[in-house]
Amino acid sequence: VASADIMAQFMDRAQGLLGDPSDASTVFATLDPVFAAFGALAIDPASALRRSSTLSDLQTMLSQFDTTGQELQALRDEAHSRVQASVAEANSLLGAIAKLNTSIQRSTIAGSQASEAETEQQRMIDRLSEIMDVRAQTRSLGGVELRTSDGMLLVDTDAAQLGFSSVDNGEPYPALIIKAPRASAETPFETHLQGGELKGLLKT
């Protein structure tokens, strides 16, 4: 749901930049005058006035295309900025959930209540599940083990770390990667995401 909501927001804004085809001020409206001008010019190619009018209409169309292209690129840049913010928040939540696992486990071993820590941990898991798809399994000594829907480990006693690859992938933005708990190797992460705000932003 979160993924679809994010995509809908950005698609609505992109549609707003392109505009309604019936609106005279949109990028679509610049096409008809150009076609009409070239049609008129074909009838009388020697006319300096028609050549000038055609060139003017063509320049107007190209200028509108350029402006719209820049606006769409700004929208993509915004999506990437939000990806970075979501990754930072996810890392913070993963780390905090792992720390609470340690705290809950100590309380369990000591025979004391850990309800406050468990409530806080559940709140964090709820928020994390909005950012990315996760599934939780209760650990024998308390706390949770978190994995992606396809089984990649995110949290046990330690937390995975999300980041961006330093390897040039030929795309405008670096690829999303993950380091599993206690691992040093980077693994591409986008294919492991099946939902959440982060998935929606990456698909935008």
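Residues numbered from 1 in each chain as written. Predicted model: local features only at pLDDT ≥ 70, side-chain atom pairs only at ≥ 80, totals over all residues. Heavy atoms only, no water.

Student: Quick rundown of the overall build of the protein chain? Include the residues and the values.
Tutor: For the protein chain, the helix and strand inventory stands at five helices and six strands. By the compact-globule yardstick of 17 Å for 204 residues, the protein chain is too spread out, its C-alpha radius of gyration being 26 Å. With the C-alpha coordinates aligned to their principal axes, the bounding extent of the protein chain is approximately 95 × 35 × 20 Å. Looking at the protein chain as a whole, 34% of its 204 residues qualify as buried. Long-range contacts, defined as pairs at least 24 residues apart, comprise 58% of the intrachain contacts of the protein chain with a sequence gap of at least 6. Carbon and sulfur atoms provide 53% of the accessible area of the protein chain, an area that totals close to 11,600 Å². Taking the average place of the 16 positive charges on the side chains of the protein chain and the average place of its 27 negative ones, the gap between the two points comes to 6 Å. (Helix = DSSP H or I, 4+ residues; strand = E, 2+ residues; numbered from the N terminus. Rg over C-alpha atoms; globule rule 2.2 N^0.38 Å. Buried < 20%, exposed > 50% of the residue type's maximum accessible area, 1.4 Å probe, protein only. Contact = heavy atoms within 4.5 Å. Areas by Shrake-Rupley, 256 points an atom, 1.4 Å probe, with all protein chains shown as cover. Lys, Arg positive; Asp, Glu negative; His and termini not counted. Charge placed at Lys NZ, Arg CZ, Asp CG, Glu CD.)

Student: Provide a residue-level description of the nonpolar core, including the pertinent values.
Tutor: If you look at the biggest cluster of nonpolar residues, it comprises 35 residues, and the most contacted ones within it are Leu128, Met132, Leu154 and Phe189. At the level of secondary structure, the elements contributing two or more residues to this core comprise helix 1 (2-18), helix 3 (48-110), helix 4 (115-131), strand 2 (144-147), strand 3 (153-155), strand 5 (176-179) and helix 5 (197-203). Examining the composition of this core, we find that 11 residues originate from one element, helix 3, more than from any other. (Core = buried A, V, L, I, M, F, W, Y, C linked by side-chain atoms within 4.5 Å.)

Student: Requested: an account of the packing of aromatic side chains, with residues and values cited.
Tutor: With the rule as written, the count across this model stands at zero aromatic pairs. We note Arg13 situated over the ring of Phe10; from NZ or CZ to the ring centre the distance is 5.5 Å. (Phe/Tyr/Trp six-rings, centres within 6.5 Å; stacked < 30°, edge-to-face > 60°. Lys NZ or Arg CZ within 6 Å of the ring centre and 35° of its normal.)

Student: Which residues make up the pattern of salt bridges, and what values do they have?
Tutor: One pass over the full model with this rule turns up eight salt bridges. Put simply, Glu130 and Arg127 hold a salt bridge, and the shortest N to O gap is 2.8 Å. You can see Glu130 and its partner Arg127 sitting in helix 4, three residues apart, about one turn around the helix. Here Glu130 falls in the partly exposed class, since its relative accessible area comes to 40%. Of the residues examined, Arg127 reaches a relative accessible area of 24% and is grouped as partly exposed. Between Glu197 and Arg127 there is a salt bridge, with its nearest N and O atoms 3.1 Å apart. Of the two residues, Glu197 sits in helix 5 while Arg127 sits in helix 4, which places them 70 residues apart along the sequence. In this structure, a network of salt bridges that share partners links the residues Glu89, Arg127, Glu130 and Glu197. (Salt bridge = Lys/Arg side-chain N within 4 Å of Asp/Glu carboxyl O.)

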